[in-house]
Amino acid sequence: MMDFLAWLEQSGFATWVRESNSLLAYPSVLFLHTVGMGCVAGISALVDLRILGCASEVPLTGLRKTLPYMWAGFWLNTVTGIVLFIIDATTKAVSPVFYTKMTFIAMAIGVCLVQRGVFRDPLLDKRPIEMKGKILAFTSILCWVGAITAGRLLAYVGPGVVSSGGR
Amino acid sequence: MQLAIAVAVRVLVVTAIVGVIGYIIDRSQDRRNNKGP
Amino acid sequence: MNLANLTHLHLLLNHFPTVGFLIGLGLFLAAIVGKSENLKRASLVIFFLIALLAIPTYLSGKAAQQAITGRPDVPEALIEMHQDSALLALVFMELTGFVAWLGLWQFRRISRPARWNLTAVFLLSIITFGLMARTAIMGGEIRHPEIRTEGTVGSDTEWLKSASIATFVNTTAWAWPLNETIHFIGLSLVLGVVLVVNLRILGVMKNVSFAALHRLLPWGILGFAVNLITGILFFITIPEQYTQNVALHWKVVLMLIAAANVLYFTLFEEAWALGPGDDAPPTAKVIAASTIFLWIGVIYFGRMMPFIGGSF
């Protein structure tokens, strides 16, 4: 397994991303990953806050139309996340912080999928929100906070990526 | 690992405080404005 | 920008949180006495905009310090006192700006600010002005020995000391990662609100009135406030990595424009009047698209600080 990861890490693409001076390499991947994070966590958090009772004038059925943009952020981060993993695969694959992050993301996305089913209910705005829904929403927020924290801490694990991009 | 836990705990505390402040300010607007979609 | 330009910028900008703020305060008092709703709103706008300008004023002050530090005729202790006084004044200035913005937001929704809001703005602005005036006097004394009084130099009474904050963050292992994480959480909140509000204007979820989404703006401002605090903490801790960082300069410029832009969504009729099913006029859509780009630009330059700025 480690051999495969090392092979990934030493591949031409991974080496280019990691060591190129171009702003389009590592710096851009990081930038896009940050934007994706803002999209997915931000929109998800707002939906959750609405479910928890904030900004009650906003109809939930309306917020549903913003979900494609949330998913766009998620997919952007899946792609950029894979790149970020590959360029440092041998370190990340054995890092508990990495798996913690993946777990939180899986849980948060799990909640989003459940919410997707709820959003299909045409009577959504006519009924008060069940306690189950509120607990899920609260859990979702916690999971994103956990994912962002673990993601940030990943930068402090191992030798990491030493990039001189942009000089 | 200890660093990770130290950071995580404090992140939770700060987020909780900020979240509660935001929630209170938000809900206080309900009494004034009309509720509902 | 080199240190000389940044110093000049500091000398230019510092008129806003002092003289500018005093004018705003005067208008605010006149508005209360004269019971003019329009003047009240105008003065709240002035407080908000000046609170924004106070940010680059503070940041450029650090560059000014770096430009003159070490010279024999420059009392370091006075600079430290001025800086610490400025930080405290900045805290209250931003609080004033925040409460003023909340008042403007309430003005839009219920045609008047909440009863407590005007009182809070009044109290905060008086305190802010006092702290700004104190800071300004200390600032003047740095280069003007002729206005110093006995006992000016060396008094160690600052409540909020940048040096202590910097030392704490630098010596506490969890502090910097905590600050970064909170900064990312604030970023997500800001981008989330920016996207939802602006996507409506661009035509997504047309069955929702803008007035309903207007309700989300305070959450965006909360995210902004969190990032302002964490951002200043970064700056105070290792200013050398920031003062001449081109990426940070761009980030601050874009951030100020984007933050001032919030007033369009908070106050303007063009946005507020958008009902369920309405299509926004083209100018509104241009503004909405630009707003999204502005904030993505802020994220870009923020992320690029180690690379473009080259000082990490």
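Residues numbered from 1 in each chain as written. Chains lettered and ligands numbered in written order. Predicted model: local features only at pLDDT ≥ 70, side-chain atom pairs only at ≥ 80, totals over all residues.

(A) Spatial organisation of the overall build of chain A. From N to C terminus, chain A includes eight helices and zero strands. In chain A, the succession of α and β elements from N to C terminus is α-α-α-α-α-α-α-α. Summarising its shape, the C-alpha atoms of chain A cover approximately 55 × 30 × 20 Å along the three principal directions. Taking all 167 residues of chain A together, 42% fall into the buried category. Long-range contacts, defined here as pairs at least 24 residues apart, represent 87% of the contacts in chain A between residues at least 6 apart. (Helix = DSSP H or I, 4+ residues; strand = E, 2+ residues; numbered from the N terminus. Buried ≥ 20, exposed ≤ 12 C-beta atoms within 10 Å, placed from the backbone. Contact = placed C-beta atoms within 7 Å.)

(B) Spatial organisation of the overall build of chain B. Each helix and strand in chain B was counted, giving one helix and zero strands. When the 37 residues of chain B are sorted by exposure, 22% land in the buried category.

(C) Examining the packing of helix H1 (residues 2-28) of chain B against helix H9 (residues 217-237) of chain C more closely. Direction vectors running N to C along H1 of chain B and H9 of chain C enclose 150°, while the axes themselves pass 10 Å from each other. The angle between the axes of H1 of chain B and H9 of chain C places the two elements in the roughly antiparallel class. Here H1 of chain B runs over H9 of chain C; the crossing is right-handed. Residues Val18, Gly22, Ile25 and Asp26 of chain B of H1 of chain B form the contact with H9 of chain C, whose own contacting residues are Pro218, Trp219, Leu222 and Val226 of chain C. (Axes fitted to C-alpha atoms, helices over the stretch in contact; angles between N-to-C directions. Parallel < 35°, antiparallel > 145°, perpendicular 65-115°, else oblique. Left-handed = near helix turned anticlockwise from the far one by under 90°.)

(D) Looking closely at the nonpolar core. Grouped together as the largest cluster of nonpolar side chains are 132 residues, with contacts concentrated most on Trp144 of chain A together with Phe48, Val193 and Leu216 of chain C. Ranked by residues supplied to this core, first place goes to helix H3 (residues 26-51) of chain A with 15 residues. Residue-level mapping places this core at the junction of two domains, with at least three residues from each of domain 1 (1-156) and domain 2 (161-312) of chain C. Among all residues touching Trp144 of chain A, those that are not within four sequence positions of it are Ala41, Ser44, Ala45 and Ala108 of chain A. (Core = buried A, V, L, I, M, F, W, Y, C linked by C-beta atoms within 7 Å. Domains from an automatic or database assignment.)

(E) Focus on the interface of chain A and chain B. The interface is formed by 12 residues belonging to chain A together with 15 residues belonging to chain B. By residue number, the principal contributor to the side of chain A that touches chain B is helix H8 (residues 131-154) of chain A, which donates three residues. Classifying every residue of the side of chain A that touches chain B by side-chain character gives seven nonpolar, three polar and two charged. (Nonpolar A, V, L, I, M, F, W, Y, C, P; charged D, E, K, R; others polar.)

(F) Region of the structure containing the environment of Ala258 of chain C. Residues and elements named next belong to chain C. Mapped onto the fold, Ala258 is located in helix H10 (residues 246-267). Taking the C-alpha atoms as reference points, Ala258 and Leu39, 219 residues apart in sequence, are found 24 Å from one another. Sequence-distant contacts of Ala258, defined by excluding residues within four places in its chain, comprise Thr291, Leu294, Trp295 and Val298.

(G) Quick peek at unusual backbone geometry. In this model, Ala55 of chain A sits at a positive phi of 45°, which is unusual for a non-glycine residue. Along the chain, Ala55 of chain A turns up in the loop between H3 and helix H4 (60-63). In this structure, Lys35 of chain C is a non-glycine residue whose phi angle is positive, near 55°. Within the element layout of this structure, Lys35 of chain C appears in the loop between helix H2 (16-34) and helix H3 (37-68). Looking at Lys35 of chain C, the number of C-beta atoms within 10 Å reads 8, which means it is exposed.

(H) Spatial organisation of the interface of chain A and chain C. Contacts between chain A and chain C engage 32 residues on the former and 31 residues on the latter. Across the side of chain A that touches chain C, the residue classes tally to 20 nonpolar, eight polar and four charged.

(I) Focus on the confidence of the model for chain B. For chain B, the mean per-residue pLDDT works out to 82, and 81% of the residues sit at or above 70. Overall fold confidence (pTM) sits at 0.93, and the ipTM for the predicted complex is 0.92. (pLDDT = per-residue confidence, 0-100.)

(J) Layout of helix H4 (residues 76-110) of chain C. A rise of 1.5 Å per residue sets the reference length of H4 of chain C, with its 35 residues, at 51 Å; its end C-alpha atoms lie 51 Å apart and thus fit the reference within 8%. Immediately beyond the C-terminal end of H4 of chain C, within one or two residues, lies Ser111 of chain C, with a positive phi of roughly 65°. (Expected span 1.5 Å × (residues − 1).)

(K) Spotlight on the environment of Met81 of chain C. When you line up the elements, Met81 of chain C lands in helix H4. Along the sequence, Met81 of chain C and Thr230 of chain C sit 149 residues apart, while their C-alpha atoms lie 22 Å from each other.

(L) Up close: the packing of H8 of chain A against H1 of chain B. Remark: H8 of chain A packs on H1 of chain B, axes separated minimally by 10 Å, with the N-to-C direction vectors making an angle of 140°. Note on packing geometry: the crossing formed by H8 of chain A with H1 of chain B is right-handed. Each of Val145, Thr149 and Leu153 of chain A in H8 of chain A lies in contact with H1 of chain B, whose residues at this interface are Ala4, Val7, Ala8, Val11, Leu12 and Thr15 of chain B.

(M) Summary view of the environment of Leu136 of chain A. All names here are of chain A. With respect to the helices and strands, Leu136 occurs in helix H8. Judged by the 18 C-beta atoms lying within 10 Å of it, Leu136 falls in the partly exposed class. Apart from residues no more than four positions distant in its own chain, Leu136 is found in contact with Val111 and Val114.

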